[in-house]
Amino acid sequence: LRDLWNMLKPSAESLRNATYLPLGFRARSDEAIALVAGLAAEVCMRGGRQNARRGVENQALFQNAVSAIVGGLLVNSQRMPASEHTHSKASNQDALSVQLRSGLSYRPRAKESFTGERVSFRRFDAAFRGLQEVGYVESANGYRQFCAAKGDPGGFVGRSYTCRLWPTARLLQVAEEAGLELVDVRRHFHLEAAAQPPVVLHALKERRGGVKVKGKRLPFPTSIEAEQIATEVNEINAFTMLHRVEVAGEHIEMAWHRAFSVDFGLHGRWYALGESYQVLPGDKRHNLITIDGEACAEVDVSASHLTCLYGHLGLPFSSELDPYDVFGMPRAVVKVWITASLGKGAALSGQVWPRQAEQHVLEKENLVLRDYPLPSVSQAVLKRHPVLADLPSQFESLGRRYGPSAGSMLSLFLMALEARVLTTAMLGLKTQGVLALPIHDSLVVPQSAVRATKQALTAAFQESLGITPRLRVKTGASRGPVANLVGGGCLTSRAATSRVKPFFGRSVGIAAME
């Protein structure tokens, strides 16, 4: 048994690369509908009187739970690195090996994680246990792992992994016999966005055992400001329905909500519901998305939070210079120093870099931060941006409003400024008939609308913060009616990348963030 488990157990890589399992997948093809109905009936018949009674009394809801689990696991099972993907038919054992190597899903099983979902905890638990008992799905319990830190032989990093789920070879075989081609599984299942109000308000995150936990949902206030924000989101969502958005050739239904923390002065970012384009890799995103059949570009605000900081404090800011350009320092090192300082609410000090910053730069830029002594970097960056030297005194009002730990609120405050600017730009583009897809500090738009988008973002920054931002434009090869009709100052158009399978849901990096 031990040898069998060692052969079939998920690899460490597949655990890390698991994809979040949303609960909105619904069967849409005749083959998928028949498959889900058959699986639900089998679970009810073999699961005893309780499952049978539940299937009779709430057959539609139970089938929805089965559809969400089976559809999500099958879709996620096909999300694998291009080097491992194959279109050739494989045996059941080979198929199972592929799932365990790279096609796992993860999903918290705590009751509170199902609040607001389309499938309740009780029905998910009953459906998954039933599918597991008859051999269609499998799971591995979550655990905490300590491993050596990259670039630091004497250090350790703790990572928490929540429950992992995957389809068994039997489910893959039954799906294939039902007429589902796994390489084209998205044709059989589609992801419906969870029902969400246009604006949500949460308490601040809490630390439990060293892990940050999402704050509880707060009652939505009744005020003119709240009504205006909700109206703006509803307007954008209604406008989106007039357009067709595709990711890698697949049509997705777009809708957003905005999430605030404590009040409307913190956070406020736009989050896509359902199949989120926002989690696509940044270097591929604009190449994969089309709006009304036209290739897209991404207009990005360089050093967005730092720009908002300068604007809020009324300090002079040059959009001609790269804010991360500091003499003698790599751009990535300067960027991580500024990002960490704004996240902390105070300039980094001391002799040692934060461990998370070290790991991030090593993984993203292949740089070892310890090669750049923190005091030297701090001195160089503060000479370029002296405003960062004493952030707490610059934002005493946050302390009076949110309490003594307000330093950590600075990043949420800057997010709110950033989101307000993007909202103004999106509404302005809407009046011109242009749909803009928000990604926190950038907008994805049709290539023909790049010039208008740059003008809208510049106007929004000037109106809200009295500052002109530094904008960058990433474009891909045109697949629509317009080719490279972009505004001045954009980056050179790049050749289209090879077709990449759509990647909806979140990829797991440091699993503690789950």
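Rules of the game
Residues numbered from 1 in each chain as written. Predicted model: local features only at pLDDT ≥ 70, side-chain atom pairs only at ≥ 80, totals over all residues. Heavy atoms only, no water. Phe/Tyr/Trp six-rings, centres within 6.5 Å; stacked < 30°, edge-to-face > 60°. Buried < 20%, exposed > 50% of the residue type's maximum accessible area, 1.4 Å probe, protein only. Lys NZ or Arg CZ within 6 Å of the ring centre and 35° of its normal. Salt bridge = Lys/Arg side-chain N within 4 Å of Asp/Glu carboxyl O. Helix = DSSP H or I, 4+ residues; strand = E, 2+ residues; numbered from the N terminus. Axes fitted to C-alpha atoms, helices over the stretch in contact; angles between N-to-C directions. Parallel < 35°, antiparallel > 145°, perpendicular 65-115°, else oblique. Contact = heavy atoms within 4.5 Å. Nonpolar A, V, L, I, M, F, W, Y, C, P; charged D, E, K, R; others polar. Pairing = 2+ DSSP bridges. Expected span 1.5 Å × (residues − 1). Polar contact = N/O pair within 3.5 Å; in protein donor to acceptor, adjacent residues only side chain to side chain. Core = buried A, V, L, I, M, F, W, Y, C linked by side-chain atoms within 4.5 Å.

Asks: Describe the packing of aromatic side chains, with residues and values.
Replies: Under the criterion given, the structure shown has nine aromatic pairs. Here the aromatic rings of F114 and F121 are separated by 5.6 Å at their centres, their planes lie at 70 degrees, and the arrangement is edge-to-face. For the ring pair F260 and F264, a centre distance of 5.0 Å and an interplane angle of 90 degrees mean the geometry is edge-to-face. Exposure class is identical for F260 and F264. Each is buried. Cluster of aromatic residues (ring-pair linked, three or more members): F114, F121, F124 and F128. Over the aromatic face of F239 sits the side chain of K430, whose NZ or CZ is 6.0 Å from the ring centroid.

Asks: Quick rundown of the pattern of salt bridges? Include the residues and the values.
Replies: With the rule as written, the count across this model stands at 14 salt bridges. One salt bridge in this structure joins R285 and E298, with 3.1 Å as the shortest N-O distance. Remark: E298 occurs in strand β17 (residues 294-301) and R285 occurs in helix α10 (residues 285-288); sequence separation between them is 13 residues. Accessibility assignment for this pair places R285 and E298 in one class, buried. Within this structure, R109, D125 and R129 form a network of salt bridges that share partners.

Asks: Outline the packing of helix α12 (residues 331-344) against helix α14 (residues 374-384), listing residues and values.
Replies: Angle between the axes and distance between the axes are the two parameters that describe a pair of packed helices. Running from amino to carboxyl end, α12 crosses α14 at an angle of 85 degrees, the nearest separation of the two axes being 10 Å. Taken together, α12 and α14 sit at an angle that is classed as roughly perpendicular. Across the interface between the two elements, V333, V334, W337 and I338 from α12 touch L374, V377, S378, V381 and L382 from α14. Within the contact of α12 with α14, the residues separate by chemical class into eight nonpolar, one polar and no charged.

Asks: Tell me about the sheet that holds strand β15 (residues 263-272), and please be specific about residues and values.
Replies: What links the strands of a sheet is backbone hydrogen bonding, and the strands pair in either a parallel or an antiparallel sense. Here three strands make up an open sheet; going across it, the order is β9-β14-β15 and the pairing mixed. Looking at the sheet topology across the chains shown, the edges are occupied by β9 (199-202) and β15. Taking the axes of each pair of neighbouring strands and ignoring which way they run, one obtains an average angle of 25 degrees across the sheet. Across four bridges, β9 lies against strand β14 (residues 256-261) in parallel orientation. By the bridge assignment for β14, H202 is matched with S261. Against the sheet, helix α9 (residues 224-240) engages β9, β14 and β15, with an angle of about 155 degrees to β14.

Asks: I'd like to hear about helix α5 (residues 59-77), residue by residue, with values.
Replies: Its 19 residues place the ends of α5 26 Å apart at the C-alpha level, agreeing with the 27 Å of an ideal helix rising 1.5 Å per residue. Burial within α5 is extensive, with 14 of its 19 residues counted as buried.

Asks: How would you explain the environment of T19 if you had to name every residue and give the values?
Replies: Inspection of the secondary structure assignment puts T19 in strand β1 (residues 19-20). Sequence spacing of T19 and L165 is 146 residues, and the spatial spacing of their C-alpha atoms is 9.7 Å.

Asks: Quick rundown of the sheet that holds strand β7 (residues 164-167)? Include the residues and the values.
Replies: Spatially, β1-β3-β7-β4 is the arrangement adopted by the four strands of the open sheet, whose pairing is mixed. The two strands at the open ends of the sheet, each matched to only one other strand, are β1 and β4 (137-140). Pairing between strand β3 (residues 105-106) and β7: two bridges, direction antiparallel. Its bridge partner being in β7, S105 is matched across the sheet by L165. On the sheet, helix α7 (residues 121-133) packs against β4 and β7 and is oriented at approximately 110 degrees with respect to β4.

Asks: Quick rundown of the side chain of H243? Include the residues and the values.
Replies: When you line up the elements, H243 lands in the loop between α9 and β12 (245-247). A relative accessible area of 18% places H243 in the buried class. Engagement of the side chain of H243 in a polar contact is seen with the side chain of D292, the distance being 2.7 Å. The residues touching H243, leaving out its near neighbours within four places in the chain, are D292, G433 and L435.

Asks: Residue-level account of the environment of P375, with values.
Replies: Tracing the chain through its elements places P375 in helix α14. Sequence separation of P375 and S349 is 26 residues, and the distance between their C-alpha atoms is 6.9 Å. When residues no more than four places from it in sequence are discounted, the contact partners of P375 are G350 and Q351.

Asks: Outline the nonpolar core, supporting the account with residue identities and numerical values.
Replies: In terms of nonpolar packing, the biggest core is built from 90 residues, with Y277, W337 and L388 touching the most fellow members. Top contributing element to this core by residue count: helix α17 (residues 410-430), with 11 residues. Leaving out residues up to four positions away in the same chain, L388 has contacts with L306, L309, W337, I338, L342, A347, V381 and L382. Formed by 39 residues, the second largest nonpolar core is a distinct cluster that contains L35, F62, I69 and V137.

Asks: Describe in detail the pairing of β17, supporting the description with residues and values.
Replies: A large share of β17 lies buried, amounting to eight of its eight residues. Across two bridges, the pairing between strand β16 (residues 289-291) and β17 is antiparallel. Bridged to I291 within β17 is E294. Of the strand pairs in this sheet, β17 and strand β19 (residues 442-446) are connected by five bridges, and their pairing is antiparallel. Within β19, the position partnered with D300 by the bridge is S442. Here β17 runs beside strand β20 (residues 471-475); their pairing, made up of five bridges, is antiparallel. Residue pairing across strands places A297 opposite T475, the latter belonging to β20.

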